[in-house]
Amino acid sequence: MRIAMFSAKEYELEFYERANAGFQHELTPLDAGLTGVSTRLAEGHDAACIFANDAADRAAITALHEAGVRLLLLRCAGFNNVDLEAAAELGMTVLRVPAYSPHAVAEHTTALILTLNRRIHRAYNRVREGNFSLQGLMGFDLHGRTVGVVGTGKIGAVFARIMLGFGCEVIAADPSPDEACAASGVRYAPMAELLARADIVSLHCPLTPATKHLINDDALAQMKPGAMLVNTSRGAVVDTGALIRALKSERLGGVALDVYEEEADLFFRDLSDHVIKDDVFARLLTFPNVLITAHQAFFTRDAMNSIAETTLRNATDFERGRPDPAHVVDTSLIVR
Ligand code: NAI
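### A word on the overall build of the protein chain
Regarding its fold elements, the protein chain presents twelve helices and twelve strands. Taking the principal axes of its C-alpha atoms as reference, the protein chain extends roughly 60 × 50 × 35 Å. Of all 336 residues assigned to the protein chain, the portion counted as buried reaches 47%. Excluding contacts between residues fewer than 6 apart, the proportion of contacts in the protein chain whose partners are at least 24 apart in sequence is 68%.

This is the structure we're talking about:
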């Protein structure tokens with residue numbers, strides 16, 4: 001199958017080349033992200049392969065369909081960037097990688113918490129400059145603290161287990177509680193209780209109409225003063241304006257983000273020689289208690305091997321007329 005890979009990065013290609021030895025697809029890596037104009041690059045291809053920030057909206061899907069594309073391969077788990085109704089109307093099959101390494105994301109979440117709490121990012125720079133002062137570096141013991149996990153699916157469940165291992169009390173909110181999680185010591189509670197009791201609130205739910213701005217002014221006001229908020233799910237689960245208000249009022253102790261509402265214009269590229277035009281993002285960067293990584297939680301060798309292998313297998317399964325039902329993304333998954 002001829003596959004146009006949008007937003008292809010150099011660091012991904014070795015994984016796709018290696019995995020493709022077993023599938024023999026024709027891969028066309030494209031620098032361009034999926035936009036109205038770039039859809040033309042998919043002409044002559046059977047499938048378009050996209051990543052988390054490629055907007056597969058109605059216009060893009062229509063243009064891809066006109067270019068002859070019949071399969072949209074998501075090389076990620078989240079599918080909030082795809083207009084599933086438009087895909088269904090045009091008969092475009094959408095396949096994703098529902099699970100590759102929940103450990104990668106859960107471990108990065110833990111790294112963010114430890115870094116922000118113990119100020120490792122600041123200590124690293126200080127020591128290199130010969131500043132060995134501890135002023136401003138004080139953290140707190142994780143042991144004995146309460147961690148609130150919002151969404152105990154694949155990633156949230158692994159993260160909850162890691163926090164239990166640190167000796168934390170873990171409470172969780174999820175409309176579909178996980179029995180194994182509860183059996184391991186996680187206590188399910190209403191969202192209001194989670195917000196009021198947790199020293200650390202970590203978001204692991206998908207972005208849906210119901211979870212858009214789940215963390216807004218109201219939710220932030222319910223959080224324990226001095227608590228830490230961590231988001232490695234999707235940017236728009238948090239209302240960034242409300243977050244900045246809570247940071248300015250010094251209500252929050254710290255914020256760690258791997259995702260940001262408007263990240264599509266920033267992340268996954270080197271803008272170090274450019275002016276950052278997003279004033280909201282620029283404001284976030286000014287807070288000493290905010291730590292941001294650019295959507296790298298998934299980024300381990302193990303996860304990349306798994307994503308490449310599954311993405312290419314999805315293409316082969318589609319070609320053979322039997323896509324894995326667990327990988328099919330269709331309108332039945334829309335949460336209204
Ligand atoms: P999953 O589908 O296994 O679990 C999601 C859980 O969230 C489910 O248990 C669901 O019931 C729950 N949920 C849904 N609505 C909720 C609500 N309103 N409140 C509380 N819980 C709710 O998904 P998985 O694999 O654990 O991934 C979670 C999210 O992490 C993905 O949707 C994606 O957005 C994000 N992600 C981020 C990555 C990164 O690199 N930063 C990489 C991979 C995923």
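### Examining the nonpolar core
Membership of the largest hydrophobic core comes to 77 residues, with the highest contact counts inside it found for Leu72 and Leu243. Taken domain by domain, this core gets at least three of its residues from each of domain 1 (2-100 + 300-333) and domain 2 (102-292). Sequence-distant contacts of leucine 72, that is, excluding residues within four places in its chain, are made with Ala48, Ile50, Ala56, Leu64, Val82, Met92, Thr93, Val94 and Leu95. Counting 22 residues, the second largest nonpolar core, distinct from the first, contains Ala106, Val149, Ala160 and Leu291.

### Remarks on the sheet that holds strand 4 (residues 71-74)
Whether parallel or antiparallel, the strands of a sheet pair through hydrogen bonds between backbone atoms. One open sheet holds the five strands; their spatial order is 2-1-3-4-5, and the pairing between them is parallel. For this open sheet the edge positions go to strand 2 (26-29) and strand 5 (93-95), each flanked by a neighbour on one side alone. For this sheet, the mean angle separating the axes of adjacent strands, direction not counted, is 20°. Examined bridge by bridge, strand 1 (residues 2-5) and strand 2 share four bridges and lie parallel to one another. In the sheet register, isoleucine 3 faces strand 2, and the bridge partner there is leucine 27.

### Overview of the site of the ligand
Around the ligand there are 23 residues in total, and Tyr100, Lys154, Ile155, Asp174 and Asp258 lie nearest to it. Between the ligand and the protein, one listed contact pairs an oxygen atom with a backbone N or O atom of isoleucine 155 at 2.8 Å. At 3.1 Å from a nitrogen atom of the ligand is found a main-chain nitrogen or oxygen belonging to threonine 232. Burial of the ligand by the protein amounts to 83% of the accessible area it has alone, namely 860 Å².

### Observations concerning the sheet that holds strand 9 (residues 200-203)
In spatial order, the strands read 8-7-6-9-10-11-12; together these seven strands make up an open sheet with parallel pairing. Every other strand in the sheet has two partners, leaving strand 8 (187-188) and strand 12 (290-292) as the edge strands with one partner each. Strand direction decides the pairing type here: strand 10 (residues 228-231) and strand 11 (residues 254-257), joined by four bridges, are parallel. Considered in strand 11, the bridge of asparagine 231 is made with leucine 257. Docked against the sheet, helix 6 (residues 154-165) engages strand 6 (146-150), strand 7 (169-173) and strand 9, running at close to 175° with respect to strand 6.

### Points about helix 4 (residues 102-118)
For helix 4, spanning 17 residues, the distance from its first C-alpha to its last is 24 Å, which sits close to the expected 24 Å at 1.5 Å a residue. Those residues of helix 4 lying buried are Pro102, Ala104, Val105, Ala106, His108, Thr109, Thr110, Leu112, Ile113, Leu116 and Asn117. A positive backbone phi angle near 55° is found at arginine 119, which sits one or two residues after helix 4.

### Some details on the domain arrangement of the protein chain
Partitioning the protein chain into domains gives domain 1 (2-100 + 300-333) and domain 2 (102-292). The distance between the C-alpha centroids of domain 1 and domain 2 comes to 29 Å. On the domain 2 side, the residues contacting the twelve residues of domain 1 number nine residues. For the pairing of domain 1 and domain 2, the buried interface totals around 880 Å² over both sides, and the portion due to carbon and sulfur atoms is 59%. The largest per-residue losses of area from domain 1 upon contact with domain 2 belong to Asn53, Asn80 and Tyr100, which jointly make up 49% of the total buried on that side. Counting across the domain 1 and domain 2 interface gives zero salt bridges. Remark: the boundary between domain 1 and domain 2 carries three residue pairs in polar contact (both at pLDDT 80 or more). For the side of domain 1 that touches domain 2, the per-class residue count stands at seven nonpolar, four polar and one charged.

Conventions and cut-offs
- Residues numbered from 1 in each chain as written.
- Predicted model: local features only at pLDDT ≥ 70, side-chain atom pairs only at ≥ 80, totals over all residues.
- Heavy atoms only, no water.
- Helix = DSSP H or I, 4+ residues; strand = E, 2+ residues; numbered from the N terminus.
- Buried < 20%, exposed > 50% of the residue type's maximum accessible area, 1.4 Å probe, protein only.
- Contact = heavy atoms within 4.5 Å.
- Core = buried A, V, L, I, M, F, W, Y, C linked by side-chain atoms within 4.5 Å.
- Domains from an automatic or database assignment.
- Pairing = 2+ DSSP bridges.
- Axes fitted to C-alpha atoms, helices over the stretch in contact; angles between N-to-C directions.
- Near = heavy atom within 4 Å.
- Polar contact = N/O pair within 3.5 Å; in protein donor to acceptor, adjacent residues only side chain to side chain.
- Areas by Shrake-Rupley, 256 points an atom, 1.4 Å probe, with all protein chains shown as cover.
- Expected span 1.5 Å × (residues − 1).
- Buried area = accessible area lost by both parts, 1.4 Å probe.
- Salt bridge = Lys/Arg side-chain N within 4 Å of Asp/Glu carboxyl O.
- Nonpolar A, V, L, I, M, F, W, Y, C, P; charged D, E, K, R; others polar.

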